[in-house]
Amino acid sequence: MSDLTAAGFGDQIAERISAELVPISVRWLDQLRGLLTVEANEVFPTEQLLDHIPALIQDVAEYIRSPETEAVAANTSITAKARELGQLRHTQRASVHQLLAEYRLLGNILTSFVKEELERIGIGPSASDAIEVLRRLNDAVWILMQTTVDTFVSEYTATIDSHAARLESFNAMVSHELRQPLGTLMYALPLLKAEANRSDMARHDHFLRVMERNVVRLTQLIEQLEGLSRLQTSRRDAPDVQRTDVASVVWEVARQLREMADARGVEIQVGDGMPSLVIDMARLELILMNLISNAIKYCDPAKPDRFVRIESVSAERDDHVGIMVRDNGIGIPQANLSTVFRRFVRAHASRDSELGVRGSGLGLAIAAECAEAVGGSIRVESNVGEGTSFLVTVPRDAGHVGGTDGSP
Ligand code: ADP
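How each quantity is defined
Residues numbered from 1 in each chain as written. Predicted model: local features only at pLDDT ≥ 70, side-chain atom pairs only at ≥ 80, totals over all residues. Heavy atoms only, no water. Core = buried A, V, L, I, M, F, W, Y, C linked by side-chain atoms within 4.5 Å. Buried < 20%, exposed > 50% of the residue type's maximum accessible area, 1.4 Å probe, protein only. Helix = DSSP H or I, 4+ residues; strand = E, 2+ residues; numbered from the N terminus. Contact = heavy atoms within 4.5 Å. Polar contact = N/O pair within 3.5 Å; in protein donor to acceptor, adjacent residues only side chain to side chain. Near = heavy atom within 4 Å. Areas by Shrake-Rupley, 256 points an atom, 1.4 Å probe, with all protein chains shown as cover. Nonpolar A, V, L, I, M, F, W, Y, C, P; charged D, E, K, R; others polar. Salt bridge = Lys/Arg side-chain N within 4 Å of Asp/Glu carboxyl O. Pairing = 2+ DSSP bridges. pLDDT = per-residue confidence, 0-100. Phe/Tyr/Trp six-rings, centres within 6.5 Å; stacked < 30°, edge-to-face > 60°. Expected span 1.5 Å × (residues − 1). Axes fitted to C-alpha atoms, helices over the stretch in contact; angles between N-to-C directions. Parallel < 35°, antiparallel > 145°, perpendicular 65-115°, else oblique. Left-handed = near helix turned anticlockwise from the far one by under 90°.

Attention now goes to the nonpolar core. If you look at the biggest cluster of nonpolar residues, it comprises 48 residues, and the most contacted ones within it are Leu288, Ile292, Val308 and Ile310. Counting residues per element, this core draws most heavily on helix α9 (residues 281-297), at 8 residues. With sequence-adjacent residues up to four places away left out, valine 308 is seen in contact with Val266, Glu267, Ile268, Gln269, Ile292, Ala295, Ile296, Val325, Arg326 and Asp327. Residues Leu21, Ala82, Leu99 and Leu106 belong to the second largest nonpolar core, which totals 36 residues.

Below is the structure:
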């Protein structure tokens, strides 16, 4: 009957797989589409899908052809592709379950292909030789799967570690920030009680004012923390993405801040030609609200004409737009520029009473998180005494830049 050895049959199958790379890839893709939560075209990042999958399957064929000369794990191109897939599927928030199912499909398709080939050629190898070829095939798919899953899991572990570290430092900062006004209240309350028994109205009023200031501060802090947690919850839910005229959002923010701007003598100027975007409008509003209110808060009382100007500027990428929020306020010292987006960082805390401002150091952190959540970013430039510019860069169309939210 058959004079095909395992090696001969292996060569033949490897050749047939090589000849049928595209049809096999298409078969896998067709079946994958049923499993994927993302567009099939986003599965592989660097090349077109149909250029990439055949290369992966070709590597499986090579291993079937010559398993004794090269272990599949040592084949760097095959494991590099598998690792790339693990990283990509992590950013696409796939699950291990999905990955296993994808590889199971590939294994099934290749096994069916071998079976079809056996039927097609009529005469075949001995059962043990056929089993040997299938074993090599399963080996190759298994190693690929293991590499992809290992990469995927280590990406998750790194994300979880960094989240845990961030959470820990956030908790420490929150406790510190809450303890400060609470401590003052605990200190002022007995003094107020004692004063009530004497009748020094001036001291009595002083303690009341101290307590009021600290209660207001605590309330603001809690409101901003609530805002942050709402932001994080809504990141997990579907964001409210819609076509939005930036000009109308800016004018709405300006309307809400009018009183504050008038009180500080700051003119809100809005440039022409604001773009129209497909974006999560609530987040865009929150970004602008924080930046414009800061520009008003940190205006320079020494300048007769105080302004904040919001205008459209070009972005580095064609599919993004820039929105500049520029003021002629007191500016931010160079030494603080790299940290102002961190939570609870305040560059002018010592000047609060002179400037008549209060703050928690959360506004810019919230703005930066919002920008990141919509697939954009914020940069700052500033000169003390001259003013500050925040450049917000966001995608024109959130629906066409992949995920708008990279966090797990
Ligand atoms: P805050 O609640 O203190 O205003 P933010 O996070 O909004 O907190 O801002 C962080 C710090 O950055 C502020 O405390 C202030 O020192 C500085 N800052 C932010 N915006 C401006 C601005 N437009 N001009 C000058 N300083 C600013």
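With that settled, the discussion passes to the side chain of glutamate 117. Tracing the sequence through the fold places glutamate 117 in helix α5 (residues 96-121). Within polar-contact distance, the side chain of glutamate 117 engages the side chain of arginine 16 at 2.8 Å. Those residues within four positions of glutamate 117 in sequence are excluded, and the remaining contacts are Ile13 and Arg16.

Lining the immediate surroundings of the ligand are 20 residues, of which Asn294, Tyr298, Arg346, His348 and Leu364 lie closest. Measuring from an oxygen atom of the ligand, one finds a side-chain N or O atom of arginine 346 at 2.5 Å. Measuring from an oxygen atom of the ligand, one finds a side-chain N or O atom of histidine 348 at 2.7 Å. Coverage of the ligand by the protein amounts to 98% of the 530 Å² it exposes when considered alone. Looking at the shell around the ligand, the elements that each hand over two or more residues are α9, α12 (363-373) and β7 (387-395). With 3 residues, the single largest contributor to the shell around the ligand is α9. Tallied by class, residues from the shell around the ligand come to 9 nonpolar, 8 polar and 3 charged.

Taken as a whole, this structure holds 18 salt bridges when the rule is applied. Here glutamate 132 and arginine 135 are joined by a salt bridge, their closest N and O atoms 3.0 Å apart. With glutamate 132 and arginine 135 both in helix α6 (residues 127-197), this residue pair falls 3 residues apart, about one helical turn. For aspartate 280, the salt bridge goes to arginine 283, with nearest N and O atoms at 2.8 Å. The residues aspartate 280 and arginine 283 share a single accessibility class, namely buried.

What follows deals with the pairing of strand β5 (residues 320-327). Side chains on a regular strand alternate between the two faces of the sheet. For β5, the buried fraction is high: 7 of the 8 residues fall into the buried class. Relative to β5, strand β4 (residues 306-314) runs antiparallel, the two sharing 7 bridges. Residue pairing for β5: serine 312 is matched across the bridge by isoleucine 323. Taken together, β4 and the strand that follows it, β5, pair antiparallel across an intervening segment of 5 residues.

Positive phi, close to 70°, is recorded for phenylalanine 344, a residue that is not glycine. Note on placement: phenylalanine 344 falls in the loop between α10 (334-337) and α11 (352-355). Judged by its relative accessible area of 11%, phenylalanine 344 falls in the buried class.

What follows deals with the confidence of the model for the protein. For the protein, per-residue confidence averages 83 on the pLDDT scale, and residues scoring 70 or more make up 85% of the total. Note on residues 44-48: pLDDT is under 50 here. Beyond four places in sequence and across chains, it has 11 contacts. Counting interchain partners and residues more than four positions distant, the pLDDT-below-50 stretch residues 402-408 has 15 contacts.

Inspection of the secondary structure assignment puts leucine 178 in helix α6. Between the C-alpha atom of leucine 178 and that of arginine 217, which follows or precedes it by 39 residues, the distance is 9.1 Å. Beyond its immediate stretch of four places on either side in the chain, leucine 178 contacts Leu218, Leu221 and Ile222.

Applying the stated criterion across every chain yields a total of 2 aromatic pairs. Centre to centre, the rings of phenylalanine 152 and tyrosine 156 are 5.2 Å apart; their planes meet at 65°, and the pair counts as edge-to-face. Of this pair, phenylalanine 152 and tyrosine 156 both sit in helix α6, 4 residues apart, roughly one helical turn. Phenylalanine 152 gets classed as buried once you look at its relative accessible area, which sits at 2%. Tyrosine 156 sits in the partly exposed class, given a relative accessible area of 22%.

Summarising the element assignment, arginine 243 is placed in strand β1 (residues 241-245). When the C-alpha positions of arginine 243 and arginine 396 are compared, they lie 9.6 Å apart, and in sequence the two are 153 residues distant. Setting aside anything within four residues of it in sequence, one finds arginine 243 in contact with Ser276, Leu277 and Val278. Among the polar contacts made by the side chain of arginine 243, one reaches the side chain of serine 276 at a distance of 2.8 Å.

With that out of the way, let us pick up α5. In this model, α5 (26 residues) spans 38 Å end to end at C-alpha, consistent with the 38 Å of a helix rising 1.5 Å per residue. Of the residues flanking the end of α5, it is glycine 122, one or two places downstream, whose phi is positive at about 75°.

With that settled, the discussion passes to the packing of α9 against α12. Between α9 and α12, the shortest axis-to-axis distance is 9 Å and the interhelical angle comes to 150°. By the criterion of interaxial angle, the relationship of α9 to α12 is roughly antiparallel. For the pair α9 and α12, the crossing hand works out as left-handed. Contact with α9, carried on its side by Arg283, Leu286, Ile287, Asn290, Leu291 and Asn294, involves Gly363, Leu364, Ile366, Ala367, Cys370, Ala371 and Ala373 of α12 and no other residues of that element. In terms of residue class, the contact of α9 with α12 is made up of 9 nonpolar, 3 polar and 1 charged.

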